[in-house]
Amino acid sequence: MSPAESVRTALEALRANPLRSALTMLGMVIGVAAVIAMVAVGAGARDQVLRQIASLGTNLIMVGQGSVQRGAVRLGAGTAASLTEDDAAAIVREIPGVAAVAPSVRWGLQVVAGNQNWNTTLFGITPDYLEARDWTVTAGRPISDDDVVRGGKVVLLGETVVRTLFGGGDPVGETVRMFTTPLTVIGVLGGKGQNAGGQDQDDVVFVPLSTAKRNIPGMAKTNPRFVHSLVVKMGDGADMAAAQAQIRDLLRQRHRLAEGADDDFWMRDLSEIAATRDASSRALSFLLAAVAAVSLLVGGIGIMNIMLVSVTERTREIGLRLALGARRRDILVQFLIESATLSVIGACAGVALGIGVAVAVAGMAGWPALIVPEAVLLAVGVSGAVGVFFGLYPARRAARLDPIEALRHE
Amino acid sequence: MLRPNRRGGAVAASAFPSDLGGGEPLIVVRDLRRTYAVGPDRVAALAGVSVTVERGAFIAVMGPSGSGKSTFMNVLGCLDRPDGGEYRLDGEDVGHADPDSLAAVRNRKIGFVFQSFHLLPRLTARANVELPMVYGGIPRAERVRRAAAALEAVGLGDRWHHRPAQLSGGQQQRVAIARALVNRPLLLLADEPTGALDSRTTREIMELLRDLNRGGLTIVLVTHEAEVAAYAGRVLTFRDGRLAGDAPPADAAGAAVPG
Ligand SMILES: Nc1ncnc2c1ncn2[C@@H]1O[C@H](COP(=O)(O)OP(=O)(O)OP(=O)(O)O)[C@@H](O)[C@H]1O
Ligand SMILES: [Mg+2]
């Protein structure tokens, strides 16, 4: 019997008992739907998180002064003044694959505009910083190299600061004061929203690095070249781990640290954060796979049960088919196709239902459902295999029937 | 090449090659044995049967209940394998063949008619008739054409789309006969084909079988009724798994009545 004939025969048999076939599929439908929906919702949520992490930049290495090892007992960040603008220049010069290094200083202070004031975080930066951290300027102009060289009294405001000091009006050209220094607002930063940790990234003001050092009292007392941190932006496809190791060696050498001494700086690779997130979503995937396996198992047992009933009911039919010239293989294939068809149709219905549920859930949760084509194919493929596997025992029973006894069966 | 039958249909005479296949008889059986183990006992359903059936013969098999008639038919039909003796069908040793070749022999050379019809209830008459061709690997278009012709030949050309439940017993048995003939077998085996039919329908079915036999088809049928056996040219009488009589129907009827 040809494969097409086998499929036709199997479909005919399933059509003969539509309600039973539908109920048998139900186990498969629910199992697959649950998996597809969970995968889609999970992928949507994960995509959301990954996008947040990507907004930080995954090809960035942050270097800060102070020791992570000494952590809580150190005497306060910045006192050691270990990291300098010269370190930044050395990294650009000596580490291959570096796209840019942006040194910065950071200070919490109050800015004043007219009779409004606001406590925020100030960054003293170079133009590279904007690029490395993917900041855009939506109104006015960014900080230029010239601003940095001159120590220009200019400032970029984050969206939150604009809202609180200027009530949403256009601040470009206005003046704000930092301590006693008046600064001209040259531009507004594009909004970034909250970071993955829930902090408002728009509550910042940026001034040229030199301006911050000169005009914030006490900042550059010990070493006029010092910076708080460096953002190292690597080129596309760079090996982040190797780059980190090279930067560490370079800085230890420049800081003349003895072998075995602690680093006097810390380093963080944002792809590490992404990897942690990835690991937790992998754990979720394992959970999903377990749920899928259990539901497919339950669906498969349901199919096996019905196929056993069906073989018993159709014993005379099997006997007749054998008498008319069916080989044992033909009978085996017929029942295998029946059970595989049950589970694959069930899986397809489950995929449709699962997508519907995912879209509904995601709509309520406020993020897009991501239908993963691999998950859909896998669900259909695996359930076909489950159908064949659980159909095997009933089909073998059918194929091993003795034609005479089968024909005589009541 | 077509000979008319009594119902106005036509049976393709060339479909049943009575005079082909060389000189060897269609069926040659030597010392055939089949023993069943029932608990500790051994029941010899066939205890050494030897018989030869010529091509084109019409044979009736009679005998008391339990005498081994059905067992004999099952072996002839390659549904069962003997555990002793020889069976050659159409010059081929089928007594020792493997299950797959026996399936092929059943499909190509043998047609079965059963007392209880054995039609698949969810299929139409035509789809039932198509079944042996499905397993014979015949393309769909040809199957439809041949099934329609076979139903026409048994006088049911207009009922091809009926399901078995929508047909009378006699009509169902005609569908079964069409199914048995559609692969143009050499041998038609019928175990009590009229056992479930009334006497008028029995007569119609037997006339159909007689016409088929006249067209060249070899028929072996089991019956308990002398009127049915009367259509045959030769009656084999079984007793306790052995052949107790082999004679034309008139003599057999006489022999069956003791005294
Ligand atoms: N599967 C079986 N297992 C055990 N014994 C069997 C089996 N089939 C048949 N027999 C025995 O073999 C003997 C012959 O049975 P068979 O069916 O051939 O008789 P029969 O002549 O067809 O009878 P009837 O006229 O009632 O149909 C009987 O004694 C029966 O009990
Ligand atoms: Mg019998």
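Right above here is the structure, for reference.
Parameters at a glance
- Residues numbered from 1 in each chain as written.
- Chains lettered and ligands numbered in written order.
- Predicted model: local features only at pLDDT ≥ 70, side-chain atom pairs only at ≥ 80, totals over all residues.
- Heavy atoms only, no water.
- Pairing = 2+ DSSP bridges.
- Helix = DSSP H or I, 4+ residues; strand = E, 2+ residues; numbered from the N terminus.
- Axes fitted to C-alpha atoms, helices over the stretch in contact; angles between N-to-C directions.
- Contact = heavy atoms within 4.5 Å.
- Buried area = accessible area lost by both parts, 1.4 Å probe.
- Salt bridge = Lys/Arg side-chain N within 4 Å of Asp/Glu carboxyl O.
- Polar contact = N/O pair within 3.5 Å; in protein donor to acceptor, adjacent residues only side chain to side chain.
- Near = heavy atom within 4 Å.
- Areas by Shrake-Rupley, 256 points an atom, 1.4 Å probe, with all protein chains shown as cover.
- 1 Å grid on protein atoms, 1.4 Å probe; cavity = no way out; pocket = protein on both sides within 12 Å on 5 of 7 lines; lining within 4 Å.
- Sits in = over half its atoms within 2 Å of the grid points.
- Parallel < 35°, antiparallel > 145°, perpendicular 65-115°, else oblique.
- Left-handed = near helix turned anticlockwise from the far one by under 90°.
- Nonpolar A, V, L, I, M, F, W, Y, C, P; charged D, E, K, R; others polar.
- Buried < 20%, exposed > 50% of the residue type's maximum accessible area, 1.4 Å probe, protein only.
- Right-handed = clockwise from strand over helix to strand, strands pointing away.
- Core = buried A, V, L, I, M, F, W, Y, C linked by side-chain atoms within 4.5 Å.

Let us look at the sheet that holds strand β9 (residues 187-191) of chain B. Residues and elements named next belong to chain B. Overall, mixed pairing links the six strands, which are arranged β8-β9-β10-β5-β11-β12 in an open sheet. In the strand order of this sheet, the two ends are held by β8 (110-114) and β12 (242-247), each with one partner. Each neighbouring strand pair of the sheet contributes to a mean axis angle of 20°, computed without reference to strand direction. Direction of pairing for β9 relative to strand β10 (residues 218-222): parallel, over a ladder of five bridges. Looking across to β10, one finds that Asp191 is bridged to Val222.

Quick look at the interface of chain B and chain A now. Taken residue by residue, the interface counts 22 residues in chain B and 24 residues in chain A. Between chain B and chain A, roughly 2200 Å² of surface is buried when both sides are summed, and carbon and sulfur atoms account for 59% of that area. Of all residues in chain B, B:His118, B:Arg122 and B:Tyr135 give up the largest surface area on contact with chain A, accounting jointly for 34% of the area buried on that side. At the surface where chain B touches chain A, the tally comes to three salt bridges. With its nearest N and O atoms 3.5 Å apart, the salt bridge here joins B:Asp100 to A:Arg329. Linking chain B to chain A there are six residue pairs in polar contact (both at pLDDT 80 or more). Secondary-structure elements contributing two or more residues to the side of chain B that touches chain A are α2 (99-109), β8, α3 (125-135) and α4 (140-153) of chain B. Broken down by element, the side of chain B that touches chain A gets its largest block of residues, five residues, from α2(B).

B:Ser65, B:Gly66, B:Lys69, B:Ser70 and B:Thr71 are the nearest of the 15 residues found near ligand 1. Each of chains A and B places residues next to ligand 1. One of the side-chain nitrogen or oxygen atoms of A:Arg408 is found 3.5 Å away from a nitrogen atom of ligand 1. Measuring from an oxygen atom of ligand 1, one finds a backbone N or O atom of B:Ser67 at 3.2 Å. Summarising the interface, the protein chains cover 69% of the accessible area of ligand 1, which totals 630 Å² for the free molecule. Under a 2 Å grid-point criterion requiring more than half of the atoms, the pocket assigned to ligand 1 is the second largest pocket. Looking at the shell around ligand 1, the elements with two or more residues in it are β3 (27-38), β4 (41-53) and α1 (69-76) of chain B.

Our focus in this paragraph is the packing of helix α3 (residues 85-94) of chain A against helix α8 (residues 240-254) of chain A. Each pair of packed helices can be summarised by the angle the axes make with each other and by the distance between the axes. All names here are of chain A. The geometry of α3 relative to α8 is characterised by a closest axis approach of 11 Å and an angle of 135° between their N-to-C directions. As judged from the angle between their axes, α3 and α8 are oblique. In terms of crossing hand, the pair formed by α3 and α8 is right-handed. Packed against α3, whose contacting residues are Asp86, Asp87, Ala90, Ile91, Arg93 and Glu94, the element α8 presents Ile247, Leu250, Leu251 and Arg254 at the interface. Taken together, the residues of the contact of α3 with α8 sort by class into five nonpolar, no polar and five charged.

Residue and element names in this part refer to chain B. It is at 9 Å that the axes of α3 and α4 come closest, and there the two elements cross at 120°. In terms of orientation, α3 lies oblique with respect to α4. Note that α3 runs across α4; the crossing there is right-handed. Of the residues in α4, those touching α3 at Ala125, Arg126, Val129, Glu130, Met133 and Val134 are Arg140, Arg143, Val144, Arg146, Ala147, Ala148, Ala150 and Leu151.

Attention now goes to the pattern of salt bridges. In a structure, side chains of opposite charge can pair up when their charged atoms sit close to one another. Residue and element names in this part refer to chain A. All told, the structure shown has 34 salt bridges over all chains when counted by the stated rule. Arg8 is paired through a salt bridge with Glu5; the nearest N and O atoms lie 3.5 Å apart. Linking Arg8 with Glu5, this pair stays in helix α1 (residues 3-15), spanning three residues, or about one helical turn. With a relative accessible area of 32%, Arg8 lands in the partly exposed category. One salt bridge connects Arg93 with Glu94, and the closest N-O pair in it is separated by 3.9 Å.

Residues and elements named next belong to chain B. With respect to burial, β9 is a largely interior element, five of its five residues being buried. Residues Leu187, Leu189 and Asp191 line one face of β9 and the alternating positions Leu188 and Ala190 line the opposite face, and both faces are buried. As paired strands, β8 and β9 are joined by five bridges and run parallel to one another. Its bridge partner lying in β9, Phe112 is registered against Leu189. On the question of chirality, the crossover connecting β9 to the parallel β10 by way of helix α6 (residues 199-214) is right-handed.

Another aspect to go through is the environment of A:Leu11. Residue and element names in this part refer to chain A. Examined against the element boundaries, Leu11 turns out to sit in helix α1. Residue classification places Leu11 among the partly exposed positions, given a relative accessible area of 33%. In this structure, the C-alpha to C-alpha distance between Leu11 and Glu338, residues 327 residues apart in sequence, is 6.9 Å.

Turning to the nonpolar core, a few remarks are in order. Formed by 70 residues in total, the largest nonpolar core has its most connected members in B:Ile27, B:Phe72, B:Tyr87, B:Leu89 and B:Val220. A per-element tally of this core places helix α12 (residues 373-399) of chain A first, with seven residues. Apart from residues no more than four positions distant in its own chain, B:Phe72 is found in contact with B:Leu32, B:Leu46, B:Val49, B:Val51, B:Val61, B:Leu236 and B:Phe238. In terms of nonpolar packing, the next biggest core, distinct from the first, is built from 42 residues, A:Ile91, A:Leu109, A:Val205 and A:Met267 among them.

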